[in-house]
Amino acid sequence: MRVFIIDTRRMAPELQGGLLGVEGASNPTPAEKMECVETVSQYAMDGWAIAADPTTPIGWLAALTAETACVPFVNLARLAAHLRSQKESA
């Protein structure tokens, strides 16, 4: 699992705690899954927003953990699709 800390000081107020990006293997081990939940929970408790692709197993765990902690979640798959469609229509 890889974790990315994204500087959000100049973004929307709900992201001011920070943004944690999460990415992982397509077939994570139980240890990777546990690490994901523990890491996301730790940052969520500090008010960080979470960003991941929920179509992947690790991204889904990150999204579920963010939802449980009531912190903002950025769906990277939806964001990428939105950016692609804007680029194609321009």
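The model shown is predicted, which means the values in this text are computed figures rather than measured ones. (Residues numbered from 1 in each chain as written. Predicted model: local features only at pLDDT ≥ 70, side-chain atom pairs only at ≥ 80, totals over all residues. Heavy atoms only, no water.)

Chemist: Tell me about a nonpolar patch on the surface, and name the residues and values.
Modeler: There is a patch of nonpolar side chains on the surface, built from Phe-4, Ile-6 and Met-11 and spanning about 250 Å² of accessible area. Locating Phe-4 in the fold gives a position in strand β1 (residues 2–6). (Patch = residues over 30% accessible without salt bridge, like charges linked within 9 Å, V, L, I, M, F, W, Y side chains within 5 Å. Areas by Shrake-Rupley, 256 points an atom, 1.4 Å probe, with all protein chains shown as cover. Salt bridge = Lys/Arg side-chain N within 4 Å of Asp/Glu carboxyl O. Helix = DSSP H or I, 4+ residues; strand = E, 2+ residues; numbered from the N terminus.)

Chemist: Could you give me a rundown of the pattern of salt bridges, with the residues and numbers involved?
Modeler: Side-chain pairs of opposite charge can arise where the charged atoms are in close proximity. This structure, assessed with the given rule, holds one salt bridge. Here Glu-23 makes a salt bridge to Arg-2, at a shortest N to O gap of 2.5 Å. With Glu-23 in strand β2 (residues 19–23) and Arg-2 in strand β1, this pair connects stretches of sequence that are 21 residues apart.

Chemist: Outline the packing of helix α1 (residues 30–45) against helix α2 (residues 57–69), supporting the account with residue identities and numerical values.
Modeler: Between α1 and α2, the least distance of the axes is 9 Å, while the angle of their chain directions is 35°. Judged by the sense of rotation from one axis to the other, the crossing of α1 with α2 is right-handed. Between α1 and α2, the contacting residues are Glu-32, Lys-33, Cys-36, Val-37, Val-40, Ser-41 and Ala-44 on the first element and Ile-58, Leu-61, Ala-62, Thr-65, Ala-66 and Ala-69 on the second. Taken together, the residues of the contact of α1 with α2 break down into nine nonpolar, two polar and two charged. (Axes fitted to C-alpha atoms, helices over the stretch in contact; angles between N-to-C directions. Left-handed = near helix turned anticlockwise from the far one by under 90°. Contact = heavy atoms within 4.5 Å. Nonpolar A, V, L, I, M, F, W, Y, C, P; charged D, E, K, R; others polar.)

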